[in-house]
Structure formats: structure tokens, C-alpha cells
Amino acid sequence: KVLAVLSQYYRFVSRAEATEMLTGVRPLLPNSMVLTFDDGYRNNITCALPILRQYSAPATIYLCTGNVTEQKPFWFDRLDYAVQAVSNDIVFRNTIPEFAGIDFSTRETLQRSFIFFIRKEKLRYRTDIAMRTAVSNLIERLEQRAGHGLAENFADDPWSGILTWEEVRQAAPEVHFGSHGVNHLQLSLLPLDVAKREMRESREAIEFNTDRPCAHLAYPNGAYNKQVITKAKEALYSTAVTAIGGHNSKLDDLFALKRIAFPRTNSPAGIVAAALGLVNRWANY
């Protein structure tokens, strides 16, 4: 339904076409929109691609190449699965101090407080690797208590399953694949040489497996700074998108491009409001 509404007001263009507009290579066409998906979930192809075809809408999928190669779930999906697995174990939950702020009373409150917990954990540590270590320990404790974990069945899970390289190769003629790093690490919280390696190795893996250039990057978790931009350029990218909400105009910084996250709504008014950036403005009041 989102594309049905947006197609009435916007022209869907590719990442490459948009770059040419922003740099002045081609005329800037008003109401142009680029569709992007982060992480490389299989449902981007099985569910989204047929709908994209209906509207002749190009799209870019930013891959975490380490997860594709190793076919492993993202840590945040593992944590989500593990939290739900022990959600009824009140005695065990009460022994975990990290759960102090998570509200298990209803599914809605659990969802909201879990998202807040993830955001808080990402900000608690000076390096992304330190955060991963702490959260991985928590996940292992939860999975041991539950007796199972997401890794055991995520390959066929419609929500957390990751694309394989074979699926990427099959979709490459229709979909542009960009980089989301190797391991979804927050680049601004890494040593610069590690950040550059994350970007370079991801680009090389995508180009090797698709036989197509990979010139576009999405900063994992939107985390970047001037030094990361410098390394992204050295890693041979042409553009990079952030998690900052908003629109882009001609001559904007191609390594700090803004995006709009569409809310989960079937309301045409809500979809249009998000596209116009009104949702971001309301959230700031």
C-alpha cells in the first residue's frame, strides 16, 4: 500500500540516477524518490521485489556481507528472539539487571521497551566491539535458559532470514546492492583502519558476487563522522546515506545523504506525511 500511495505523488528513480541529479550531471526532476532497504533480509526479495516490479520502482539493498557469507542472524534479531523465548520466565527475568527497564506486561509494551533498550545499549559503550561483547554475553545466557536460539532456524524464518549470495546474484539484474559494512559495526565507534576495512571488504565482496560496481554505502546505525567519510572515499564509494531524516537537494554532501523512514501504517495521510518529512518534524517537538 505504501508504494501505491507514493506512486501518485513521486517518481521512483535509481540510486545512480539520483546521484547524477544531485551532482548536476542530469536535470534535477522534482518529486523524485529513491527506495532503499538496509541489512539484506531475504524478505526484501521474496516480499518486496514483486511489489517493486508492479510499480517499476528501482531499489537499493544495502548488504551486511559478513551475515550473507556466514548465514548468521543479526545480533539484534537474536536478542529479540531470546527475550521473547524467556518472556514468561519471571523468576529468571528478575535476576537479569539489564532487563530492569523492559516492560513485559503486554506485547506492545515489550516491543516499545525492547527498542528503547537496544538504543540505550548502543550508546552505553565507547566502542561498538565492547557493546557487542556485552550484548553477546546476555544473548548466550538467554539462549541457554531457553534451550534454543534463533541461529537454529533463522534460515527459513520469514522475518530474520538473510539473503544468500546465490539469491543476490539472481536479483542483481533488477536490484542494486550497496554496502552496509561486513558486520554491521558502527563505523564511527571503530578504529579508523578497522572502519575502512569494513567498508572496503564489503564493497569487494559485493562486486565479486554480483559482477557489478558497488559505489554506494549506508552507514550501519547511521554512525559516521568526518574521519569515516574520508575512509569511505578511500574505500572507493561515491555516496553514503545516513539515518538523518530529511530530503536531499542539488550539491548536498553525497556522503551525508538524508533518508526518510516510513512508519508502519496503512493510512494514506500518514504515508504522505512521512514522505514530506512531517513525521520527523513532529517527533522533534
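Student: Go over the overall build of the chain with me, naming the residues and quoting the values.
Tutor: Scanning the chain for helices and strands turns up 13 helices and 8 strands. For the chain, the C-alpha radius of gyration of 20 Å lies close to 19 Å, the compact-globule estimate for 285 residues. For the chain, with 285 residues in total, the buried portion stands at 45%. Carbon and sulfur atoms form 53% of the exposed surface of the chain, whose accessible area is close to 14,900 Å². Computed over 33 positive and 30 negative side-chain charges, the separation of the two mean positions in the chain equals 6 Å.

Student: So what's going on with the pairing of strand 3 (residues 35–39)? Which residues, and what values?
Tutor: Across 5 bridges, strand 3 lies against strand 4 (residues 59–63) in parallel orientation. In the sheet register, Phe37 faces strand 4, and the bridge partner there is Ile61. Following the chain from strand 3 across helix 3 (residues 43–54) to the adjacent parallel strand 4, one finds a crossover that is right-handed.

Student: Outline the side chain of Thr65, listing residues and values.
Tutor: Along the chain, Thr65 turns up in helix 4 (residues 65–70). With residues near it in sequence (within four places) discarded, Thr65 still touches Trp165, Gly181, Val182, Ser202, Ala205 and Ile206.

Student: Quick one: what's the story with helix 10 (residues 192–210), residue by residue and with numbers?
Tutor: Its 19 residues give helix 10 an end-to-end C-alpha distance of 27 Å, which sits within 8% of 27 Å, the value for a rise of 1.5 Å per residue. Three or more residues of helix 10 are buried, namely Val194, Ala195, Glu198, Met199, Ser202, Arg203, Ala205, Ile206, Asn209 and Thr210. The buried residues of helix 10 occupy an angular sector of 165 degrees when the element is viewed end-on, so they sit on one face. In helix 10, those exposed residues whose orientation departs by more than 90 degrees from the buried face are Asp193 and Phe208. In this structure, the buried residues of helix 10 make contact with strand 4, helix 4, helix 9 (165–171), strand 5 (176–179), strand 6 (216–218) and helix 11 (226–234).

Student: With reference to specific residues and values, describe helix 3.
Tutor: For helix 3, built from 12 residues, the straight-helix expectation of 16 Å at 1.5 Å per residue is met to within 8% by its first-to-last C-alpha distance of 16 Å. For helix 3, every residue scored as buried is listed here: Asn43, Asn44, Ile45, Ala48, Leu49 and Leu52. Along the axis of helix 3, the buried positions cluster into a sector of 150 degrees, meaning they face one direction only. Facing away from the buried surface of helix 3 by more than 90 degrees, the exposed residues are Thr46 and Gln54. On its buried face, helix 3 is in contact with helix 1 (2–6), strand 3, strand 4 and helix 9. Phi turns positive, to about 45 degrees, at Ser56, one or two residues after helix 3.

Rules of the game
- Residues numbered from 1 in each chain as written.
- Predicted model: local features only at pLDDT ≥ 70, side-chain atom pairs only at ≥ 80, totals over all residues.
- Heavy atoms only, no water.
- Helix = DSSP H or I, 4+ residues; strand = E, 2+ residues; numbered from the N terminus.
- Rg over C-alpha atoms; globule rule 2.2 N^0.38 Å.
- Buried < 20%, exposed > 50% of the residue type's maximum accessible area, 1.4 Å probe, protein only.
- Areas by Shrake-Rupley, 256 points an atom, 1.4 Å probe, with all protein chains shown as cover.
- Lys, Arg positive; Asp, Glu negative; His and termini not counted.
- Charge placed at Lys NZ, Arg CZ, Asp CG, Glu CD.
- Pairing = 2+ DSSP bridges.
- Right-handed = clockwise from strand over helix to strand, strands pointing away.
- Contact = heavy atoms within 4.5 Å.
- Expected span 1.5 Å × (residues − 1).
- Arc of directions from axis to C-beta.

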